2 protein chains.
Amino acid sequence: MKIIIAGAGAMGSRFGLMLHQAHNDVILIDGWQDHLDHINRDGLIADFNGQEIVAKIPAYHQDHANEIDFDADLIIVFTKAMQLDHMMASIQNMIGDQTKILCLLNGLGHEDTLEKYVSKDHILLGNTMWTAGLTGPGKAKLFGDGYLELQSLSTTGKAAADKVIDVLNGAKLNAKYSEHILSSIYRKACVNGTMNGLCTILDSNMADLGATAPIDDIVNSIVNEFAAVAKHEGVELDLDQVLAQIKSCYDRETIGLHYPSMYQDLITNQRLTEIDYINGAIARKGQKYGVATPYCSFLTQLIHCKEELLGAK
Amino acid sequence: MKIIIAGAGAMGSRFGLMLHQAHNDVILIDGWQDHLDHINRDGLIADFNGQEIVAKIPAYHQDHANEIDFDADLIIVFTKAMQLDHMMASIQNMIGDQTKILCLLNGLGHEDTLEKYVSKDHILLGNTMWTAGLTGPGKAKLFGDGYLELQSLSTTGKAAADKVIDVLNGAKLNAKYSEHILSSIYRKACVNGTMNGLCTILDSNMADLGATAPIDDIVNSIVNEFAAVAKHEGVELDLDQVLAQIKSCYDRETIGLHYPSMYQDLITNQRLTEIDYINGAIARKGQKYGVATPYCSFLTQLIHCKEELLGAK
C-alpha cells in the first residue's frame, strides 16, 4: 500500500518504520528539516526493542510536499493537533478519490479539520495505545507493545477500513475495527483533559497532584463536562471507568512520577500546547450544544495565559 | 478608650501605635512570641513616615489572653482571615456587654465568624486603605496616608459606631461612617479575587498577567460571580468601576510589577493563603444562594492544591 506518514515525530516514525518493514511504499512528511536530513542521509535509525533497525524511507518537508508525485492509498496523520490543518493543506495534491485518511492524533474534533479536505467516507478515526520516543533527529526509540482501534466515519467506509486494518496488522501494529471509537477517544481525552492541564498549571507530577485533597472534586467537575458534551455526540461515558483510569495515573509504582506531555511541551520546552484540542474542544463543543463547561474553559484560558507568560512558540 | 488590637501584625501595629499615641489604653494580642517579646522589652519601634517612634504598648500572646483583666470598649481584629475564629475564642473573656468589635480583615464573610461571639449590634464592618509593613519582630514601617470606612451591622449600633469613629479620628486614622460598607468590601474583594489567585497560580506579576490575551474573559467571569452573589446580599456592584479598578493594577508605572500578597504568602513564603475568604467565600455563598460560581470554586481548589504541593503551613 502507498502510505504517507503526515507528521513523522516519535509515533509517526514508529508507524512509518513498521509499515516500511512490512514492505509497504511509505514516505514521511514533516516540518523538522534537521530530522528529515538525517533520515534521507542515514536512514531512520531505530532502537526497536533493543535491536537497531535502519530504514531507508524517503522523507520530505511539508513546505515542498506539492512537488511530490505520490498517489497515496492511505495517509496516517500524526501531527501536533494545531499543525493538522496546515499539514493537510500542504499535502492536498496527494489526496486522490480513493485516498483514506487515518487520524491518530490525541484530542477531540480533528474530524472537523479533516472534513475541510475529504468527505466523511474517506476518514478513519483512530485511537492508539502504542508509545514511541525520539532521541534525536532521525533517531527513534521504540519499546513495548501496543494496539490501535479505528472506525470509519461513515458506514460506507467500513470495507476500506478493513483493508487498512489488514495492512496495519501485516505490520504487526495490532489494529482492530471499533464500533465505538468516539468512546475510546473521549475516554483518553478525559485522562488528558485532567492530568495534562492540571499538572502543567500546578507544576506537579501526577502522583503528587493525585495526593491533594481537592483533586477528586476537580476531576469530577472536568470529567462531567466531557461526559455532558460527549452525550450530544452519541457517546455515553462510563464515569466510574473513566475516573478509575484517571486514578491509575496517580500510582507512584507505575506512571505517577511522570509529568504529562503538556507539561513537557510548555514548562520544560516552552512550546505551545494542545489544550485547544482537549479542554478547549470541550468548551467549543459545549457552546455549540448549549452545555456549560466552565472548568474546561477556565483551564484552557489558564494554559493560554501560561503559554504567553513563558513566551511559548 | 480601652482598645484591644487582636492581631498585631503590620496593620495591627499601625492602628495600635496611632491609637496609643492618641492616649488610648491599648493592648496588643498576637500569636508570634518573638514579636511580642521584642515589643514588651523594647517597645514597638516604628519608622513612622521617616521618624522613629517607640511605643510602650503591653503585648500578650493569644494563648494566655484568658489571664488578662481588661474590659475592652473596642476590639479591632486584624488577624489573617483563617485565624479570626481562634483569636475570638482566645479573647472571649475580655468581651463585655458594651464591647464593640471592628473588623478590618480583607475578604468576605467574617461577620459569620464574629456573630458566633457577639450579636450584630456589636459588630462594625470596615474597609481600610491604610498600608503597613513589619521589618522584623517588634519593628514596623509606616508610611503614607490612608483612611477607613466602617458601618454597624445593625441600625441600633450607629451611635456606638460614631463614638468609635471619633476615637479613630482622634488618632488621625481618617475614619468615616459608610452606609454601603459591603459595596466597598465587595469591590476590594473583586480585586483580590482576581489578582491574588491568578498571579499565584500563574506565577506572574500583575502587569504580565494583564498583558495576556485571556485575562479579560477570566476577570469578567470571576467578577460576574462576585456580582451575582453580592446581589443576594443587597449589594449592586458597578461592574465598569470594578473592572477599571482591576485594570489599574496592570500599570507597570504604578503597582503592575508587584506580586500580590497571596503570591508572597504562598509562593515566596510557603504559607497558607486566605483564598477561602475571597473566592472560597463566593463559592460558599453561591451555594447558599443557588448561584453558580465555577470560576471561584476552581480557583479556590487550585490554590488549595498548590498549598499542599508546596507544603504550606
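Cut-offs and rules
Residues numbered from 1 in each chain as written. Chains lettered and ligands numbered in written order. Predicted model: local features only at pLDDT ≥ 70, side-chain atom pairs only at ≥ 80, totals over all residues. Heavy atoms only, no water. UniProt positions renumbered as here; feature names shortened; annotations may be inferred. Helix = DSSP H or I, 4+ residues; strand = E, 2+ residues; numbered from the N terminus. Rg over C-alpha atoms; globule rule 2.2 N^0.38 Å. Buried < 20%, exposed > 50% of the residue type's maximum accessible area, 1.4 Å probe, protein only. Contact = heavy atoms within 4.5 Å. Areas by Shrake-Rupley, 256 points an atom, 1.4 Å probe, with all protein chains shown as cover. Buried area = accessible area lost by both parts, 1.4 Å probe. Salt bridge = Lys/Arg side-chain N within 4 Å of Asp/Glu carboxyl O. Polar contact = N/O pair within 3.5 Å; in protein donor to acceptor, adjacent residues only side chain to side chain. Nonpolar A, V, L, I, M, F, W, Y, C, P; charged D, E, K, R; others polar. Pairing = 2+ DSSP bridges. Axes fitted to C-alpha atoms, helices over the stretch in contact; angles between N-to-C directions. Core = buried A, V, L, I, M, F, W, Y, C linked by side-chain atoms within 4.5 Å. Arc of directions from axis to C-beta. Domains from an automatic or database assignment. Expected span 1.5 Å × (residues − 1). Right-handed = clockwise from strand over helix to strand, strands pointing away.

By the naming in an unreviewed UniProt entry, chain A is 2-dehydropantoate 2-reductase, taken from Ligilactobacillus pabuli. The record in UniProt for chain A states the following under Pathway (unreviewed entry): "Cofactor biosynthesis; (R)-pantothenate biosynthesis; (R)-pantoate from 3-methyl-2-oxobutanoate: step 2/2." According to UniProt, the comment filed for chain A under the heading Sequence similarities (unreviewed entry) is "Belongs to the ketopantoate reductase family."

### Focus on the overall build of chain A
Counting its regular elements, chain A contains twelve helices and twelve strands. A globule of 313 residues ought to have a C-alpha radius of gyration of about 20 Å, and chain A, at 19 Å, matches this closely. Taking the principal axes of its C-alpha atoms as reference, chain A extends roughly 55 × 40 × 35 Å. Out of the 313 residues belonging to chain A, those deemed buried represent 57%. Put simply, of all contacts in chain A between residues at least 6 apart along the chain, 72% involve residues at least 24 apart. Accessible surface for chain A amounts to roughly 13,100 Å². Of this, 47% is attributable to carbon and sulfur atoms.

### Considerations on the UniProt feature "domain: Ketopantoate reductase C-terminal" (unreviewed entry) in chain A
The positions that UniProt labels "domain: Ketopantoate reductase C-terminal" (unreviewed entry) are, in the present scheme, residues 181–306 of chain A. Taken end to end, residues 181–306 of chain A is 68% helix and 0% strand, and its first and last C-alpha atoms sit 32 Å apart.

### A word on the interface of chain B and chain A
Contact with chain B, which involves 26 residues of that partner, is made by 26 residues of chain A. Both sides of the chain B and chain A interface together cover about 2,200 Å² of buried area, and 75% of this is carbon and sulfur. Our count for the chain B to chain A interface comes out at zero salt bridges. Taken together, chain B and chain A are joined by seven residue pairs in polar contact (both at pLDDT 80 or more). A total of twelve residues in the side of chain B that touches chain A trace back to one element, the largest contributor, which is helix H12 (residues 294–309) of chain B. The class makeup of the residues in the side of chain B that touches chain A is 16 nonpolar, five polar and five charged.

### Quick word on the environment of glutamate 225 of chain B
Residues and elements named next belong to chain B. Take glutamate 225: it is sitting in helix H8 (residues 215–231). Separated by 25 residues in the primary sequence, glutamate 225 and tyrosine 250 place their C-alpha atoms 21 Å from one another. Beyond its immediate stretch of four places on either side in the chain, glutamate 225 contacts Ile282, Ala292, Thr293, Pro294, Tyr295 and Cys296. One polar contact links the side chain of glutamate 225 to the main-chain amide nitrogen of cysteine 296, over a distance of 2.8 Å.

### Considering the sheet that holds strand S11 (residues 148–152) of chain A
All names here are of chain A. Taken in spatial order, the eight strands of this open sheet run S5-S2-S1-S6-S7-S8-S11-S12, and their pairing is mixed. Looking at the sheet topology across the chains shown, the edges are occupied by strand S5 (59–61) and strand S12 (175–177). Looking at each pair of strands side by side, their axes are set apart by 25° on average, direction ignored. Where strand S8 (residues 123–128) and S11 come together, five bridges link them in antiparallel fashion. Residue pairing across strands places leucine 124 opposite serine 152, the latter belonging to S11.

### Some details on the nonpolar core
When a protein is soluble and globular, its nonpolar side chains tend to lie buried together. Core analysis: the largest hydrophobic core is formed by 137 residues, its most contacted members being Phe226 of chain A together with Phe226 of chain B. Once residues within four sequence positions are removed from consideration, phenylalanine 226 of chain A is found in contact with Leu108, Tyr186, Ala189, Cys190, Gly193, Leu237, Ile278, Asn279, Ile282 and Cys296 of chain A. Core analysis: the second largest hydrophobic core is formed by 39 residues, Met18, Val26, Ala161 and Ala175 of chain B among them.

### Points about the pattern of salt bridges
Residues and elements named next belong to chain A. If you walk through the whole model with that rule in mind, you get 16 salt bridges over all chains. The salt bridge partner of aspartate 25 is lysine 2, with a shortest N-O separation of 3.3 Å. Of this pair, aspartate 25 sits in strand S2 (residues 25–30) while lysine 2 sits in strand S1 (residues 2–6), placing them 23 residues apart in sequence. Its relative accessible area of 28% is what places lysine 2 among the partly exposed residues.

### Side note on helix H10 (residues 261–268) of chain A
Since the α-helix turns once every 3.6 residues, residues separated by three or four places project in the same direction. Residue and element names in this part refer to chain A. Along H10, the residues that are buried comprise Met262, Tyr263, Asp265 and Leu266. Projected down its long axis, H10 carries its buried residues within an arc of 165°, all on one side. Structurally, H10 contributes buried residues whose contacts are with helix H6 (181–202) and helix H12 (294–309). Of the residues one or two after H10, glutamine 270 is the one with positive phi, at around 50°.

### Let's talk about the domain arrangement of chain A
Residues and elements named next belong to chain A. For chain A, the assigned domains are domain 1 (2–179) and domain 2 (182–309). Taking only C-alpha atoms, the centre of domain 1 and the centre of domain 2 are 26 Å apart. With 16 residues of domain 1 in contact, the opposing surface of domain 2 contributes 17 residues. Carbon and sulfur atoms make up 55% of the area that domain 1 and domain 2 hide from each other, which totals about 1,500 Å². It is Met82, Asn106 and Leu108 that lose the most area in domain 1 upon contact with domain 2, and together they represent 43% of the buried surface on that side. Taken together, the connections running from domain 1 to domain 2 amount to one salt bridge. For aspartate 265, the salt bridge is made with lysine 80, and the minimal N-O distance between the two is 2.8 Å. Our count for the domain 1 to domain 2 interface comes out at seven residue pairs in polar contact (both at pLDDT 80 or more).

### Here's the deal with H12 of chain B
Residue and element names in this part refer to chain B. Its 16 residues place the ends of H12 22 Å apart at the C-alpha level, agreeing with the 22 Å of an ideal helix rising 1.5 Å per residue. Counting buried positions along H12 gives twelve out of 16 residues, so the element sits mostly inside the fold. Among all positions in H12, only Tyr295, Cys296, Ser297, Phe298, Leu299, Thr300, Gln301, Leu302, Ile303, Cys305, Lys306 and Glu307 are buried. Of the residues trailing H12, glycine 311 is marked for its positive phi of about 60°.

### Some points on the UniProt feature "domain: Ketopantoate reductase N-terminal" (unreviewed entry) in chain A
According to UniProt, the "domain: Ketopantoate reductase N-terminal" (unreviewed entry) feature falls on residues 3–153 of chain A. For the annotated span residues 3–153 of chain A, helix accounts for 23% and strand for 33% of the residues, and the straight-line distance between the end C-alpha atoms is 20 Å.

### Quick notes on the packing of helix H10 (residues 261–268) of chain B against H12 of chain B
For any two helices packed against each other, the geometry comes down to the angle between their axes and how far apart the axes lie. All names here are of chain B. H12 packs onto H10 with a crossing angle of 35° between their chain directions and a minimal axis gap of 10 Å. Contact with H10, carried on its side by Met262, Leu266 and Ile267, involves Ile303, Lys306 and Glu307 of H12 and no other residues of that element. Split by residue class, the contact of H10 with H12 holds four nonpolar, no polar and two charged.

### Some details on the pairing of strand S11 (residues 148–152) of chain B
Residue and element names in this part refer to chain B. For S11, a buried count of five out of five residues is recorded, marking the element as mostly surrounded by other parts of the structure. Of the two faces of S11, the one lined by Leu148, Leu150 and Ser152 and the one lined by Glu149 and Gln151 are each fully buried. Sheet analysis places S11 next to strand S12 (residues 175–177), joined by three bridges and oriented parallel. Among the inter-strand pairings, leucine 148 is bridged to a residue of S12, identified as alanine 175. The β-α-β motif built from S11, the intervening helix H5 (residues 158–170) and the parallel element S12 has right-handed crossover chirality.

### With respect to the sheet that holds strand S4 (residues 51–55) of chain A
Residues and elements named next belong to chain A. Overall, mixed pairing links the four strands, which are arranged S4-S3-S10-S9 in an open sheet. With one partner strand each, in any of the chains shown, S4 and strand S9 (133–136) form the two edges of the open sheet. Each strand of the sheet is rotated relative to its neighbour by a mean of 30°, with strand direction disregarded. As judged from the three bridges shared by S9 and strand S10 (residues 139–142), these two strands associate in the antiparallel manner. Bridge pairing in S10 links glycine 133 to lysine 141. Where helix H1 (residues 10–21) meets the sheet, it contacts strand S3 (44–48), S4, S9 and S10, and its direction lies at approximately 90° from that of S3. Against the sheet, helix H2 (residues 33–42) touches S3, S4 and S9, its axis set at about 90° to S3.

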